[in-house]
Amino acid sequence: SHAFMTISELDEYLSPNSELVIVRSDDISEIEFNNLQQKLNNQTITVKKGDYSKRNVLLELDVPSFDNIIILANENKTPQVADAVTLLALIHLR
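None of these values were measured; they are calculated from a predicted model. (Residues numbered from 1 in each chain as written. Predicted model: local features only at pLDDT ≥ 70, side-chain atom pairs only at ≥ 80, totals over all residues. Heavy atoms only, no water.)

Trainee: Would you mind showing me how to read the overall build of the protein chain here?
Mentor: Along its length, the protein chain carries 4 helices and 2 strands. Each helix and strand of the protein chain, ordered N terminal to C terminal, gives the series α-β-α-β-α-α. For 94 residues, the compact-globule estimate of 2.2 N^0.38 gives 12 Å, and the protein chain sits close to it at 13 Å. Along the longest, intermediate and shortest principal axes, the C-alpha atoms of the protein chain span 35 × 30 × 20 Å. Here the protein chain holds 94 residues, and the buried ones make up 26% of them. For the protein chain, restricting intrachain contacts to residue pairs at least 6 apart in sequence, the fraction spanning at least 24 positions comes to 68%. (Helix = DSSP H or I, 4+ residues; strand = E, 2+ residues; numbered from the N terminus. Rg over C-alpha atoms; globule rule 2.2 N^0.38 Å. Buried < 20%, exposed > 50% of the residue type's maximum accessible area, 1.4 Å probe, protein only. Contact = heavy atoms within 4.5 Å.)

See below:
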């Protein structure tokens, strides 16, 4: 997936012991998760199940403690729906 490629590339630029929090509405398989984690040198991953366009999901994450936030659109949605969900998340994050 594009998300996993982005995460792998991002790893090259991060400081050691960085943490990546992934919020996704679908499940990530344990095999998929382990394969990704093994490829990373500078970050550990935490996966939270939830809809990142929902305000209460974002509030539970303690977003103000994050240094950076990257929102990747859901590749399984139409571009219009993916854009709408992303815009809603951005409104909640402001």
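Trainee: I keep staring at the nonpolar core and nothing clicks. Help me out?
Mentor: In summary, soluble globular proteins display a tendency toward joint burial of nonpolar side chains. Judged by nonpolar contacts, F4, I7, L20, I22, I28, L36, L40 and I45 together constitute the single largest core of 8 residues. Elements with a contribution of two residues or more to this core: helix 1 (2-11) and strand 1 (18-24). Excluding residues that lie within four positions of it along the chain, L36 makes contacts with F4, I7, S8 and I45. Counting residues in each nonpolar core, the second largest holds 7 residues, with Y52, L61, V63 and A89 among its members. (Core = buried A, V, L, I, M, F, W, Y, C linked by side-chain atoms within 4.5 Å.)

Trainee: Any chance you could explain unusual backbone geometry here in plain terms?
Mentor: Leaving glycine out, the prevailing phi sign among residues is negative, and the prevailing peptide bond configuration is trans. Here N17, not a glycine, exhibits a phi torsion of approximately 70°, which is positive. For N17, a relative accessible area of 76% puts it in the exposed group.

Trainee: Would you mind going over helix 4 (residues 79-93) with me for this structure?
Mentor: Side chains of residues three or four places apart in an α-helix project in the same direction, reflecting 3.6 residues per turn. For helix 4, spanning 15 residues, the distance from its first C-alpha to its last is 21 Å, which sits close to the expected 21 Å at 1.5 Å a residue. Of all the positions in helix 4, only A82, T86 and A89 are classed as buried. Taken end-on, helix 4 shows its buried residues confined to a sector of 60°, consistent with a single buried face. In this structure, helix 4 carries Q80 and L87 as exposed residues pointing more than 90 degrees from its buried face. Residues of helix 4 that are buried make contact with helix 3 (55-60). (Expected span 1.5 Å × (residues − 1). Arc of directions from axis to C-beta.)

Trainee: What's the story with the layout of surface pockets in this structure? I'm lost.
Mentor: Gaps left between atoms show up when a probe the size of a water molecule is rolled over them. Estimated volume of the largest pocket: approximately 1,300 Å³. In this structure, the largest pocket is lined by 39 residues; those nearest its centre are V21, I22, V23, I70 and L72. At the level of secondary structure, the elements contributing two or more residues to the lining of the largest pocket comprise helix 1, strand 1 and helix 4. If one sorts the elements of the lining of the largest pocket by residue count, strand 1 sits on top with 7 residues. Residue composition of the lining of the largest pocket, by class: 21 nonpolar, 10 polar and 8 charged. (1 Å grid on protein atoms, 1.4 Å probe; cavity = no way out; pocket = protein on both sides within 12 Å on 5 of 7 lines; lining within 4 Å. Points joined across faces, edges and corners; volume = space filled by probe spheres on them. Nonpolar A, V, L, I, M, F, W, Y, C, P; charged D, E, K, R; others polar.)

These figures come from the coordinates and say nothing about function on their own.
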